[in-house]
Amino acid sequence: MTANVNVSRADVLDARAAKLAHAESLGVTEQFVSQLVDEFYGRIREDDLLGPIFAERISEWPAHLERMKSFWRSVLFNSGEFAGNPMSKHIEITGLEEHHFTRWLDHFYATLRTLSNQPESIRLVADRARAIADSLLTGIAIGKTGISGSTAGRNLPHV
Ligand code: HEM
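Residues numbered from 1 in each chain as written. Predicted model: local features only at pLDDT ≥ 70, side-chain atom pairs only at ≥ 80, totals over all residues. Heavy atoms only, no water.

(A) Seen up close, the site of the ligand. Around the ligand, the surrounding shell holds 22 residues, and the nearest of these are F54, R67, N85, K89 and H90. One of the backbone N or O atoms of N85 is found 2.8 Å from an oxygen atom in the ligand. Contributing elements (two or more residues each) for the shell around the ligand: α3 (51–57), α4 (61–77), α5 (86–91), α6 (98–115) and α7 (119–145). Considering each element in turn, the shell around the ligand owes the most residues, five residues, to α4. (Near = heavy atom within 4 Å. Polar contact = N/O pair within 3.5 Å; in protein donor to acceptor, adjacent residues only side chain to side chain. Helix = DSSP H or I, 4+ residues; strand = E, 2+ residues; numbered from the N terminus.)

In structure tokens form, the structure reads like this:
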């Protein structure tokens, strides 16, 4: 028996609209994403561990922030507008380890808590960040140590 793979364009648009409506019902709107990205990277740039890594690589902050907003709209609303390769970009940053991702997530969760006091809203966004951080760290670890790196993200903090 084969699965029905006839997903129409209309189904995709319906699923996208439903995802956006669900996020918006929790207050996770385009404006929320914009504020999240601005405030999060404001913190990151001040951070003693992570700030210098970004400073070395990003010269056009407004463009990076716009790119990250489109990334998060794609993740949270399925907007389909982001085209990039986060995995290879992070593998290219030599020396990234678990403690960098832990710090990154700590700032991300702290920023979310300043923008919302709704646990469900915070979790919607935080869980995606945690999953992506895990997969980036896992990709980096597998590149270094092979398949034994596949549990690399197990100690990363949850919100
Ligand atoms: C250890 C923590 C992290 C550091 C130091 C870091 C650093 C960076 C830097 C320097 C860039 C710019 C790379 C370039 O344009 O050459 C970048 C891009 C990016 N980062 Fe991170 N990052 C971290 C974690 C994360 C996490 C957890 C996420 C997602 C949840 C993320 C998502 C992205 C995305 C989407 C891009 C754009 C990739 C592209 O242009 O294709 N990063 N990051």
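Now that the structure is up, let's keep going.
(B) How the structure looks around the coordination of the iron atom of the ligand. On the protein, H90 (NE2) is the one donor atom to the iron atom of the ligand, at 2.0 Å. Topologically, H90 is positioned in helix α5. (Donors = N, O, S within 2.8 Å, 3.2 Å for Na, K, Ca; no water.)

(C) Structural view of the packing of aromatic side chains. Tallied over the full model, the rule gives 10 aromatic pairs. Look at Y41 and F54: their rings are 5.9 Å apart centre to centre, the planes differ by 65 degrees, and that puts the pair in the edge-to-face class. Taken together, the residues span a long stretch of sequence, with Y41 in helix α2 (residues 30–46) and F54 in helix α3 at a distance of 13 residues. Given the relative accessible area of 17%, F54 is considered buried. Linked through ring pairs, F40, Y41, F54, W61, F71, W72, F82, W104 and F108 together constitute an aromatic cluster. (Phe/Tyr/Trp six-rings, centres within 6.5 Å; stacked < 30°, edge-to-face > 60°. Buried < 20%, exposed > 50% of the residue type's maximum accessible area, 1.4 Å probe, protein only.)

(D) Seen up close, the side chain of H107. Within the secondary structure layout, H107 lies in helix α6. According to the relative accessible area criterion, H107 is buried, its value standing at 16%.

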